[in-house]
Amino acid sequence: MRGVVALLSVLAASCSSGDPKPREPARRPLRTTDAVSSPAKAPGLRLPAGVTPLAYDVRLELDPDRETFAGRVAIRVKLDAPARQIWLHGDELEIDKARYRAGTRSGAATVSRATEHEMHAIGLGDAVPAGEVVLELEYTGHVGDDLEGLFRQKFGGKWFLYSQAEATYARRIVPCFDEPRFKVPWRVTLVVPDGQVALANAPVASERVVDKRREVTFAEMPNLPSHLFAVAVGPFALVDVGKVGKQGVPVRVVVAPKDTKRVGAAGAWVPKLVDTLEQYFDQPMPLAKLDLVAVPRFFGAMENPGLITFEVTSLVGDDKDPSFLRRHIRFLAHELAHQWVGNAVTPAWWNDLWLAEAFATWLDDKLSNALGTLDDPALRTQLARAHALAADRELTAKPLRREIASNDDIEDAFDAISYEKGAAVIAMFEQFVGEEKFRDIVRAYIKRPGTATAQTFVAAFDRIDAPLAKAFAGYLDRAGVPIVDMELDCSSSPRLVASPRDHAAVPVCVRHPAGKSCVLASGPTTIALASCPAWLVGNADGRGYYHVQWSAPASDRKKAKQSPIVPTAVSQLAPAERLAHGEDRAAAIARGELTKRDALVEIDALLAARDPYAELAAIAMAVEVNRTVDEAGVASWGHELGKRFAKRLSRAATWQPRTALDFAMRDALADLVPPDRFANDTAHAARALVDRALRDGPTTIRSSELVLAIALAAPAGGKALFERIVTAAAKNTAFVDEWFEGLAYFDASFAPRAVELVLDKRFEPDRAWPIVGGMLGRTPTRDAAWRAVQARLGELLATLGAKDAAAMIEATAGLCGAHQRKQVETAFSPRVSTIVNGKRALDQALASIDRCITSSGAPTSSPAP
Ligand SMILES: [Zn+2]
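Residues numbered from 1 in each chain as written. Predicted model: local features only at pLDDT ≥ 70, side-chain atom pairs only at ≥ 80, totals over all residues. Heavy atoms only, no water.

Peer 1: Go over the overall build of the protein chain with me, naming the residues and quoting the values.
Peer 2: Helix and strand content of the protein chain: 27 helices and 29 strands. A globule of 865 residues ought to have a C-alpha radius of gyration of about 29 Å, and the protein chain, at 28 Å, matches this closely. For the protein chain, the spread of C-alpha atoms along the principal axes amounts to about 90 × 65 × 55 Å. For the protein chain, the residues scored as buried account for 59% of the 865 residues in total. (Helix = DSSP H or I, 4+ residues; strand = E, 2+ residues; numbered from the N terminus. Rg over C-alpha atoms; globule rule 2.2 N^0.38 Å. Buried < 20%, exposed > 50% of the residue type's maximum accessible area, 1.4 Å probe, protein only.)

Okay, structure coming up:
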């Protein structure tokens, strides 16, 4: 699911969209039953072994107009051994009645208070023998406004109710064994006000009216893990878009009545995508029906079998608008691919989430490319890859197959590693093995529905190519981007030696005038060349998930120094290779293997090529240098940036960017170039937009554009503009996030005022914090913002409170320098135990500062020559 959000932060490429932010884990206080005291030995994160759910029969009374609901569930359970109690998940549910039946025995059961891991013990009195037990629970629960469990949203004056069970929110809807390894049949009955549409994963089996309410019973849904359970209730309009695939699965688009005319794109594309996927997997889509449900405000989309939920703007739109279509097709492809990868074959535990998300991401990319629906596929693929590389270069980066020690770890797994890195690694191995062979591996892997682990896929791979399968497994367990040192030796018999560091096994493909040469390198590995090549690309097509580090042979070192792009000129690189090259050099800066001075020489060589992909490569390098600039160097570095990029930003900052390239260029530069270096006409046009938004309301401009406009207008606008925006934010709270995000672009002198706004009672502190957080994230304002935070640290911590103070710690990750590291440690380490996620935030921030200290290695404060 959330990977689509991640992806779109790249695709939509708006100024306001940054990294995919995993949703904050819920921290509401638990409501517990007036239950018996907790049994002595509560399980940890995982349910105890020896108890297996066999089937659920759930009945929910749902009314979108109400904030509570009533539920009843019967769960058939198998006990491997006699038991006095059964543990299951439940969160924020009031379980009022509990009974059990075991053979001829039955009786009332007790329900313990929920544990910290959201489990209740159902007490059975005397031990019940091994075999089958049926638990019957009656309870009430809550319908929230966040996207966790059941939630409702108002649209056109009417309430609609939706659900989101992934990752750990099914337990807020039904007491259940909420782990993905349990794939069992679910029977669902919904009781809803008459006149409302009721939907679940399976088709309707029967319905009747009882007391002005409709009772809708759905067909049994086989093999459903709890996190894919879904329902929707409301005054929806259902638009039939026909039957799709080999088994003629009926598809409907489920929207608010006013949107029924705007669903043409789904009607056109769902059949094509399903056909393509069925062909690829050589399997029909495993569903009895499919509803595509539009949710007004959502994080992206969610692949629940039979009931996929989408943020409305990705499902409903103008089918002549290319940017809507690109987004729409990508979302559809991702969620439809999940019907096989993730739903039919489900990762048995969250440590292998990549099995669902990396495959769906790789397939949505592959399908969009195959169907020709992407503009500039090279750029889009490389931007996604760059996103993965940036996350993977962090010292705290997790491997694809990761350890899960808490519910927070589960939420965190929905990140650029599970999605974009996973997709990039799969694409690399596909290229290496060949598309057809790789398709056979995937088909073997998904042949049997059920649960899977990484080993299931590696075993399918192993049967086709054992050494490569081993290399693939190596990528799963190792965090970080492999670095391959390359040396071209033309002294006698021409050859290239590729040496992965740390003994990693890396599929290396290089390109030269005679074609492509690929080798699985694990120590120093020689690629023989027919003649000394005129040019050589170390990562052919930018498809390899590794960084190239060239070193010239000793005889050639002096010459190499003059030509920083060893040994190939920019002009020989394909667009994707130019972008990959920029990432390689940015990584070299981060490792401290390329000095700032030399980096500037290379940046200028890239800019001299007068090619947009080379310019983006130069920008990637500049961003890495930018991180390490300290306060004394800010002015001269700003001058260097302005000299090189301000004109380019003026060109890119049109208000209607058309291409992916325009978007990427504009957003990268708006974040990098200090606003006081922008050309006057850019600032002037931006100011006109901001003034209009202040006068007529912010709806006159797209929210992401508003942030950019404020950023560009900030230097000339000064204090007067800052305060006008603050007043607007206090009045127009619907757009407070955009106003505040824009304020973060004002110069360093505004830092103390930004801190005051977090403490200002007119604003919710966690929503005002991004002004300061944004200032801490940008080089020109970073140090001033940190001083302003330190000056009022106690007040800020108290105001943000235990729940939101981790955002403060996280924001210090952009600081750079031993002195500041010490300050951060001193400020926060005594307090982390009282802050939700505080310890983890501090560890990550310190690791990030450490990385910056490493890359800033050179003693000069200014990178300018
Ligand atoms: Zn997904």
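Having seen it, we continue.
Peer 1: I'd like a description of the pattern of salt bridges, backed by residues and values.
Peer 2: Summed over the entire model, instances satisfying the criterion amount to 66 salt bridges. As a salt-bridge pair, K643 and E640 come within 3.3 Å of each other at their nearest N and O atoms. One end of the pair is K643 and the other is E640, both in helix α16 (residues 634-652) and 3 residues apart, which spans about a single turn. We classify E640 as buried; its relative accessible area is 7%. Across the pair R753 and E723 runs a salt bridge, and its minimum N-O distance is 2.7 Å. (Salt bridge = Lys/Arg side-chain N within 4 Å of Asp/Glu carboxyl O.)

Peer 1: Hey, could you go over the sheet that holds strand β17 (residues 237-244) for me, with residue numbers and the actual values?
Peer 2: Strands belonging to one sheet form pairs held by backbone hydrogen bonds; the direction of such a pair is parallel or antiparallel. Pairing in this open sheet of 5 strands is mixed, and the strands run β17-β18-β19-β21-β20 from one edge to the other. Strands with a single pairing partner mark the edges of an open sheet, and in this sheet they are β17 and β20 (301-302). In this sheet, strand β18 (residues 249-255) lies alongside β17 in antiparallel orientation, the contact comprising 6 bridges. In the strand pairing of β18, V239 is matched with V253. Along the sheet face, helix α2 (residues 264-281) touches β17, β18 and β19 (290-295) and points at about 35° away from the line of β17. Lying on the sheet, helix α4 (residues 322-338) is in contact with β19, β20 and β21 (307-311); it crosses β21 at an angle near 150°. (Pairing = 2+ DSSP bridges. Contact = heavy atoms within 4.5 Å. Axes fitted to C-alpha atoms, helices over the stretch in contact; angles between N-to-C directions.)

Peer 1: Explain the state of the cysteines residue by residue, including any values.
Peer 2: In total, this model carries 3 disulfides according to the counting rule given. One disulfide in the model links C509 with C518; its S-S distance is 2.1 Å. Torsion about the S-S bond of the C509 and C518 cystine: about 110°, corresponding to right-handed handedness. Between the sulfur atoms of C816 and its disulfide partner C852 the distance amounts to 2.2 Å. On the sign convention where negative means left-handed, the S-S torsion of about -95° between C816 and C852 marks this disulfide as left-handed. (Disulfide = S-S within 2.5 Å.)

Peer 1: Kindly report on the packing of aromatic side chains, identifying the contributing residues and their values.
Peer 2: Within a pair of aromatic rings, the relevant descriptors are the distance that separates the centres and the angle that separates the planes. The final tally for this structure, using the stated rule, is 34 aromatic pairs. Where F457 meets F472, the ring centres are 5.3 Å apart and the plane angle is 55°; that geometry is what we call tilted. Taken together, the residues span a long stretch of sequence, with F457 in helix α10 (residues 454-462) and F472 in helix α11 (residues 466-477) at a distance of 15 residues. Residue class for F472 comes out buried when judged on its relative accessible area of 1%. With a centroid separation of 6.4 Å and an interplanar angle of 70°, the aromatic rings of Y475 and Y545 are classed as edge-to-face. (Phe/Tyr/Trp six-rings, centres within 6.5 Å; stacked < 30°, edge-to-face > 60°.)

Peer 1: Mind laying out the packing of helix α18 (residues 680-696) against helix α19 (residues 703-731), listing which residues take part and the relevant values?
Peer 2: The geometry of α18 relative to α19 is characterised by a closest axis approach of 7 Å and an angle of 45° between their N-to-C directions. In terms of orientation, α18 and α19 fall into the oblique class. As α18 runs across α19, the sense of the crossing is right-handed. Across the interface between the two elements, T682, A683, A686, R687, L689, V690, D691, A693 and L694 of α18 pack against L706, A709, I710, L712, A713, G717, L721, R724, I725 and A728 of α19. Of the residues assigned to the contact of α18 with α19, the class counts are 14 nonpolar, 2 polar and 3 charged. (Parallel < 35°, antiparallel > 145°, perpendicular 65-115°, else oblique. Left-handed = near helix turned anticlockwise from the far one by under 90°. Nonpolar A, V, L, I, M, F, W, Y, C, P; charged D, E, K, R; others polar.)

Peer 1: Can you break down unusual backbone geometry residue by residue, with the values?
Peer 2: As a rule of thumb, non-glycine residues mostly have phi less than zero, and peptide bonds are mostly trans rather than cis. Look at the link from E166 to A167: it is a cis peptide, with omega at 0°. Examined against the element boundaries, A167 turns out to sit in the loop between β10 (158-164) and β11 (184-193). Of note in the backbone geometry, N223 takes a positive phi value of approximately 50° without being a glycine. The phi dihedral of N837 is positive, around 65°, even though this residue is not glycine. Examined against the element boundaries, N837 turns out to sit in the loop between α26 (818-828) and α27 (838-855).

Peer 1: Go over the sheet that holds strand β29 (residues 547-550), please, and point to the residues and values.
Peer 2: Taken in spatial order, the 4 strands of this open sheet run β28-β25-β24-β29, and their pairing is mixed. Each end of this open sheet is capped by a strand with a single partner; those strands are β28 (525-528) and β29. Ignoring which end each strand starts from, the neighbouring axes of this sheet average 25° apart. Looking at chain direction, strand β24 (residues 483-489) and strand β25 (residues 495-500) are connected through 6 bridges and run antiparallel. The residue of β25 that forms the bridge with V484 is P500.

Peer 1: Give me the nonpolar core: which residues, what numbers.
Peer 2: Formed by 99 residues in total, the largest nonpolar core has its most connected members in F645, W739, F746, V789 and F828. Counting residues per element, this core draws most heavily on α19, which supplies 13 residues. Not counting residues within four places of it along the chain, the set of residues in contact with F828 comprises W786, L793, L797, M808, I809, T812 and L842. In this structure, A294, V345, I446 and V506 belong to the second largest nonpolar core, which totals 97 residues. (Core = buried A, V, L, I, M, F, W, Y, C linked by side-chain atoms within 4.5 Å.)

Peer 1: If you had to explain the environment of D412 to someone new, which residues and values would you point to?
Peer 2: Position of D412 relative to the elements: it lies in helix α7 (residues 407-412). Taking C-alpha positions, D412 is 10.0 Å from K398, a pair spaced 14 residues apart along the chain. Filtering out sequence-adjacent residues up to four positions away, D412 remains in contact with R402 and R840.

Peer 1: Run through α26, naming residues and quoting values.
Peer 2: Turning to α26, its buried residues number three or more, namely Q820, V824, A827 and F828. In an axial view of α26, the angular spread of the buried residues amounts to 75°, which keeps them on one side of the axis. Relative to its buried face, α26 has exposed residues pointing more than 90 degrees away, namely A818, H819, K822 and T826. Buried-residue contacts for α26 involve α23 (779-791), α24 (793-804), α25 (806-811) and α27. (Arc of directions from axis to C-beta.)

Peer 1: Before we move on, can you summarise the environment of V174 with the specific residues and values?
Peer 2: Looking at the element boundaries, V174 is found in the loop between β10 and β11. Given a relative accessible area of 1%, V174 falls into the buried group. A sequence separation of 36 residues divides V174 from E138, and the C-alpha atoms of the two residues are 9.7 Å apart. Those residues in contact with V174 that sit more than four places away from it in its chain are V58, V73, H89, L93, Y139, W186 and F229.

Peer 1: So what's going on with the pairing of strand β2 (residues 68-79)? Which residues, and what values?
Peer 2: Only one face of β2 is buried, namely the one carrying F69, G71, V73, I75, V77 and L79, since none of T68, A70, R72, A74, R76 and K78 on the opposite face is buried. In terms of strand pairing, strand β1 (residues 51-61) meets β2 through 10 bridges, oriented antiparallel. Following the sheet pairing, T52 is matched in β2 by K78. Taken together, β1 and the strand that follows it, β2, pair antiparallel across an intervening segment of 6 residues.

Peer 1: So, the confidence of the model for the protein chain: which residues are in play, and what are the values?
Peer 2: The pLDDT averaged across the protein chain works out to 89; a share of 91% of its residues lies at or above 70. Taken together, the stretch residues 858-865 has pLDDT below 50 and engages in 19 contacts with residues farther than four places along the chain or on a different chain. (pLDDT = per-residue confidence, 0-100.)

Peer 1: Can you lay out the packing of helix α5 (residues 354-370) against helix α8 (residues 417-433) for me, pointing to particular residues and giving the numbers?
Peer 2: Taken N-terminus to C-terminus, the directions of α5 and α8 make an angle of 65°; their axes are 8 Å apart at the nearest point. Relative to α8, the crossing made by α5 is right-handed. Where α5 abuts α8, its residues W354, E357, A358, F359, T361, W362 and K366 lie against S418, Y419, G422, A423, I426, A427 and E430. Among the residues making up the contact of α5 with α8, the classes are represented as 8 nonpolar, 3 polar and 3 charged.

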